[in-house]
Every structure is written in C-alpha cells, then in structure tokens.
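Here is what each chain is made of, one letter per residue.
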Amino acid sequence: MAGKRHSEHRAGVSRCFLCGARLWDAAGRDLSWGERVRPFAFACGSCGLLVDDPRAGAPSREQLGRALKPGPVVCEPDTPYGFDAYTLRSAATLYGLWAEPIGEAQAEALRQPHSPLPGAAHLRALTDGPSAPISLAILCRAAEREAALGLAQDARVWCDDILILLDGEGAEEDGPGLRLRHRPLAGHFAAQRNAAQDMARHEWVLQLDADETLEEGVAEALPYLVGAVGPDVVSIGLRRANRVDGVLADLFPDTQYRLNRRSVRYENPVHERPARAWQRSLLFLGGGIGHHLGRAHVEARSRRYEAMNPGGGRLFEEAELLRPYEP
C-alpha cells in the first residue's frame, strides 16, 4: 500500500526513480487498456509506480520527465513504467504540476487506488490554481524554545497562524500571528500533536518539530497544494531528509504525513502517524522536510522511544540514520 511503509536498506536493491524508496513489491500489478492487459513485474510500495525492472531507473526517470508537461498526459502501454491516477498525481508534483483527472472513470480511480486503469490527467502548473491558508504547529521542548521561535520567524512570510507548543507548564504568550502554549508531553507524541491540531485556526495544519525545516520552495507550494485537493484528501505526506551532523542519512525517504486536515487524529505514543485510510492521502514529491540531527541524539532516540512504547521504538533506524545516503 502506498504510504504505509518506510524505505529500508537492502543491499543491491535499487531505489524507485520517482520517490526514492527501496520498497519494490515483486508481485507487481497489471494495467488494462481495454483488451490489452500489461503486467508489470514490480510495484513501488511507497508511490505505486510500476516497472518491469527496478534497475533500469535512470532512462525511465528521463523518459517520465519528458512526458510530464502541462497539458494532457496519458499512461502509454509501451513505456518501461506505468502508473494509475493516484501515482500520476504524485508524479506531477515532482515537476511543480497538478494533475486533474480526465473523466469520471479517472476521478473514481483516484479515489480507489491502485486501479488497473492507466492514469490520464490534464497537467497544469500547481501555482496556477487556488490556494488556501495553512496553520503551522511547532512542537518542542522548553530547551528548544529559541530554535522554535526562529523557525516561526521564517514562516511569517507565508503563514498567518503559527502555534508553538512547548512540553511542560507555563504561561500563554500571544503575538501577531504567533501563539506560545504549554502542555506536558507525558510520553505520548500523538496526544501532543492532537492538542496542536485542536489549537489550529485553519482547516489544514502543518506540524514540524524544532529541529526540522522546510526545503526551499515547499512553503510557497503547499498553500496551492491544499487549495487544489478535493474533500477526499485529508492527509499529505512530505519526504523527510535526515541529516546527521550535516550528512544525508540513508533513511530516505523518511515520509512524514504532517500536513493534515485539522479533524485528523494522530495515533501511537512514538513514531506517531495520522489515523486515516492511506487512500485518502497524497504523496507530495515537490520538496520536503529537512531533519537536522546530531550523532549523540541518534544513538539515544530509538532506545528512548522503545522505553516509551515497547516494541514500537524502531531500533533498526539507528543504523539507517548513521549510514550515509546510498543511491
């Protein structure tokens, strides 16, 4: 299922040339052009891209880039890759485009991924469409207050509702477009995020931690993204690039579904995720989140999370975070 799992390190396994994940499902899927049915040997478990051979990444990426231009785009049966409407929508965002499904059959396929119907859409520049406001919620410890304020200052140019939610007790502080609130984390990250959801003033809420930043151009694109999606989409995933002492880690894409409608609830005490059907999500590929870590923090975090939620600490992530990125 797209968006359900993270990329894991497996020696000799190629990354998806569209989203970068190493999650090839060997069962594959079929696409159907009327009487012609084309089986694909592999399907990406993150974005849903279909390929015959994952190792043939570079030529396919170049071919896809040539195909995804403003105007009508249809998945053809003789290319080395395939996509349904859901994957086409994500692929379009990689190039700053938005995909409007062509016809009701495509619209229904978009609501019911992954369909055997080849994707067909009209592509336009994402920023040519409507935009909608987004609330920004920054979660942090008391010691990270200054870092959070710096992140909030940078966000003022695109966001008029910024909330900093600090772990612990303290007085409320309000300023133009910025509110500081306190709430004890109490060992439950999902509960803290849900509190921030409730405090937000806009329909869509982006949540970041004090050690995270948005990559260049993402803040400008996201209001247009939430303005384009219909009511069926409630959750948007952003690829997170982890950098440990400045070095990009092999844990990529560490997709975080952090842009959600205010009504969406998070679940799990640690490694929290929004509780929603993945079919109601969208994977945005046009930029993501930068996560800035130190080695000492990496070496301690998984064990700390495991103590908070036995069996859910993802102890294996330490090795992936400490290993430099491998293409």
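Scroll up to find the structure this text is about.
Definitions and cut-offs
Residues numbered from 1 in each chain as written. Predicted model: local features only at pLDDT ≥ 70, side-chain atom pairs only at ≥ 80, totals over all residues. Heavy atoms only, no water. Helix = DSSP H or I, 4+ residues; strand = E, 2+ residues; numbered from the N terminus. Pairing = 2+ DSSP bridges. Buried < 20%, exposed > 50% of the residue type's maximum accessible area, 1.4 Å probe, protein only. Arc of directions from axis to C-beta. Contact = heavy atoms within 4.5 Å. Phe/Tyr/Trp six-rings, centres within 6.5 Å; stacked < 30°, edge-to-face > 60°. Lys NZ or Arg CZ within 6 Å of the ring centre and 35° of its normal. Core = buried A, V, L, I, M, F, W, Y, C linked by side-chain atoms within 4.5 Å. 1 Å grid on protein atoms, 1.4 Å probe; cavity = no way out; pocket = protein on both sides within 12 Å on 5 of 7 lines; lining within 4 Å. Points joined across faces, edges and corners; volume = space filled by probe spheres on them. Polar contact = N/O pair within 3.5 Å; in protein donor to acceptor, adjacent residues only side chain to side chain.

Observations concerning unusual backbone geometry
Across the junction of Pro113 and His114, the peptide omega takes the value 0°, indicating a cis bond. Looking at where His114 falls in the secondary structure, it is placed in the loop between helix H3 (104–111) and strand S9 (120–125). In this model, Phe252 is joined to Pro253 through a cis peptide bond whose omega is 0°. For Pro253, the location among the structural elements is in the loop between strand S17 (247–248) and strand S18 (256–261). Its identity is not glycine, yet Ala186 carries a phi of approximately 55°, on the positive side. Looking at where Ala186 falls in the secondary structure, it is placed in the loop between strand S13 (178–183) and helix H5 (189–199). Phi at Asp245 is positive, roughly 50°, even though this residue is not glycine.

Details of the pairing of S13
Here six bridges tie strand S11 (residues 162–167) to S13, and the two strands are oriented parallel to one another. Along S13, the bridge assignment pairs Leu166 with His182. Taken together, the three bridges between strand S12 (residues 173–175) and S13 define a ladder with antiparallel strand orientation. Residue pairing across strands places Gly175 opposite Leu178, the latter belonging to S13. Between S12 and S13, which pair antiparallel one after the other, the connecting turn spans two residues, and Gly177 there sits at a positive phi close to 70°.

Points about the pairing of S9
Each regular strand carries side chains that alternate between the two faces of the sheet. One ladder, built from four bridges, connects strand S6 (residues 71–74) with S9; its direction is antiparallel. Bridge pairing links Gly71 to Leu123 in S9. Relative to S9, strand S8 (residues 97–101) runs antiparallel, the two sharing five bridges. When the bridges of S9 are listed, Glu100 appears paired with His122.

Some points on H3
Taken together, the buried positions of H3 are Gln106, Ala107, Ala109 and Leu110. Here the buried residues of H3 occupy an arc of 160° about the axis, which is enough to place them on one side. The outward face of H3, more than 90 degrees from its buried face, is lined by the exposed residues Glu104 and Ala105. Residues of H3 that are buried sit in contact with helix H2 (85–94), S8 and S9.

Considering the packing of aromatic side chains
Applying the stated criterion across every chain, the model contains four aromatic pairs. Where Phe252 meets Tyr325, the ring centres are 6.1 Å apart and the plane angle is 75°; that geometry is what we call edge-to-face. Linking Phe252 in the loop between S17 and S18 with Tyr325 in the segment after helix H8 (317–322), this pair joins segments that are 73 residues apart in sequence. A residue is classified by how much of its surface remains accessible, and Phe252, at 15% relative accessible area, is buried. Among the residues examined, Tyr325 registers a relative accessible area of 32% and is labelled partly exposed. Above the ring of Tyr266, the side-chain terminus of Arg193 is found at 5.9 Å from the ring centroid. Over the ring of Tyr257 we find Arg276, and its NZ or CZ is 4.5 Å from the ring centre.

Brief notes about the nonpolar core
One finds Ile164, Leu222, Ile236 and Phe284 to be the most contacted residues of the largest nonpolar core, which totals 34 residues. Going through the elements one at a time, strand S10 (134–140), helix H4 (145–155), S11, S13, strand S14 (204–209), helix H6 (218–228), strand S16 (235–244) and strand S21 (281–293) are the ones with two or more residues in this core. If you tally residues by element for this core, the top one is H6, at six residues. Among residues more than four places away in sequence, those in contact with Leu222 are Ile134, Leu206, Leu238, Leu259 and Phe284. Counting 32 residues, the second-largest nonpolar core is a separate cluster that includes Leu23, Leu31, Leu49 and Val51.

Considering the sheet that holds strand S7 (residues 81–82)
The sheet built from four strands is open, its strands ordered S1-S4-S5-S7 with antiparallel pairing. At either margin of the open sheet sits one strand with a lone partner, and together these are strand S1 (24–25) and S7. Pairing analysis gives two bridges linking strand S5 (residues 50–51) to S7, with the strands arranged antiparallel. Paired with Val51 across the bridge in S7 is Tyr81.

Some words on the layout of surface pockets
A volume near 300 Å³ is recorded for the second largest pocket. As for the second largest pocket, its lining consists of 15 residues, and the residues nearest its centre are Arg89, Leu110, Arg111, Gly230 and Asp232. Elements represented by at least two residues in the lining of the second largest pocket include exactly S8 and H3.

So, the side chain of Arg301
Mapping Arg301 onto the fold places it in helix H7 (residues 295–308). Of the polar contacts made by the side chain of Arg301, one reaches the side chain of Glu317; its length is 3.4 Å. Among all residues touching Arg301, those that are not within four sequence positions of it are Arg240, His271, Glu317 and Leu321.

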